[in-house]
Amino acid sequence: MKVITETTRLKLVEVTKADCDLIFKLTGNEKVMKYFPSVLSYDETREMIQKILNQYAEYGHCFWKVLLKPDDQFVGIAGLLHQDIDNVSEAEISYRLLPEHWNKGYGTEAAKACKKYAEIELGKNRLVSLIHPQNDASIRVASKLGAEKSRSIVFMGEKHDVYVY
């Protein structure tokens, strides 16, 4: 298990092909996927994991598993995704957590760890988050980390707001 970064309560570790069952707990969950076009099938989740691995190879980062210390309980995924927005390459802070872990500060803690990693380890001085305008919880997390709404775009077929850190 390759640890990328840690916080007081969480570890962010690389996703592997063996993690399909864990990731499917997120991608197959209607609550988690509320602001995405649809839930994913198991096969679509396997394809998503391959895309994550491809982004590791190409960019050195993507989604990582979020594990709760000390027992490595799976909380969700968080990371830095490569996005092309209006023909500009951006690094996006993104995360998805299991509903039983909502409202405990884990989303903010994981996003903050991703932001710090991007700045210190990758030298990024600009990050974004693409957030559905009705996703109040993610808007709060972005705001806590100092992001400001820049503009709106169509992403995955729906309006999303671009928050810039």
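Up top is the structure.
Structural notes, computed from the coordinates. Given the structure is predicted, the values throughout are model-derived calculations rather than measurements.

1. Some thoughts on the overall build of the chain
Argument step 1. Each helix and strand in the chain was counted, giving four helices and eight strands.
Argument step 2. Ordered by position in the sequence, the α and β elements of the chain form the string β-β-α-α-β-β-β-α-β-α-β-β.
Argument step 3. Relative to the globule expectation of 15 Å for 165 residues, the C-alpha radius of gyration of the chain, 15 Å, shows essentially globular dimensions.
Argument step 4. If you take every contact in the chain between residues at least 6 apart in sequence, the share linking residues at least 24 apart comes to 57%.
Argument step 5. Working note: accessible area of the chain is about 8,700 Å², and carbon and sulfur atoms make up 47% of it.

2. Here's the deal with the pairing of strand β3 (residues 63–68)
Argument step 1. Within β3, six of the six residues are buried, leaving the element largely enclosed by the surrounding structure.
Argument step 2. Bridge count between strand β2 (residues 10–14) and β3: five bridges; the pairing is antiparallel. Bridging from a neighbouring strand, L12 pairs with V66 of β3.
Argument step 3. Where β3 lies against strand β4 (residues 73–85), six bridges are found, and the strand directions are antiparallel. Of the residues in β4, the one forming a bridge with L68 is Q73.
Argument step 4. Linking β3 back to β4 in an antiparallel pair, the connection comprises four residues, with D72 at a positive phi of about 60°.

3. Some remarks on helix α4 (residues 136–144)
Argument step 1. The set of residues buried in α4 consists of S138, I139, V141 and A142. Seen from one end, α4 has its buried residues packed into an arc of 160°, which puts them on one side.
Argument step 2. In this structure, the buried residues of α4 make contact with β5 (88–97), α3 (106–120), β6 (128–131) and β8 (158–164).
Argument step 3. Of the residues trailing α4, G146 is marked for its positive phi of about 90°.

Thresholds applied
- Residues numbered from 1 in each chain as written.
- Predicted model: local features only at pLDDT ≥ 70, side-chain atom pairs only at ≥ 80, totals over all residues.
- Heavy atoms only, no water.
- Helix = DSSP H or I, 4+ residues; strand = E, 2+ residues; numbered from the N terminus.
- Rg over C-alpha atoms; globule rule 2.2 N^0.38 Å.
- Contact = heavy atoms within 4.5 Å.
- Areas by Shrake-Rupley, 256 points an atom, 1.4 Å probe, with all protein chains shown as cover.
- Buried < 20%, exposed > 50% of the residue type's maximum accessible area, 1.4 Å probe, protein only.
- Pairing = 2+ DSSP bridges.
- Arc of directions from axis to C-beta.

Shape descriptors only; they carry no functional weight alone.
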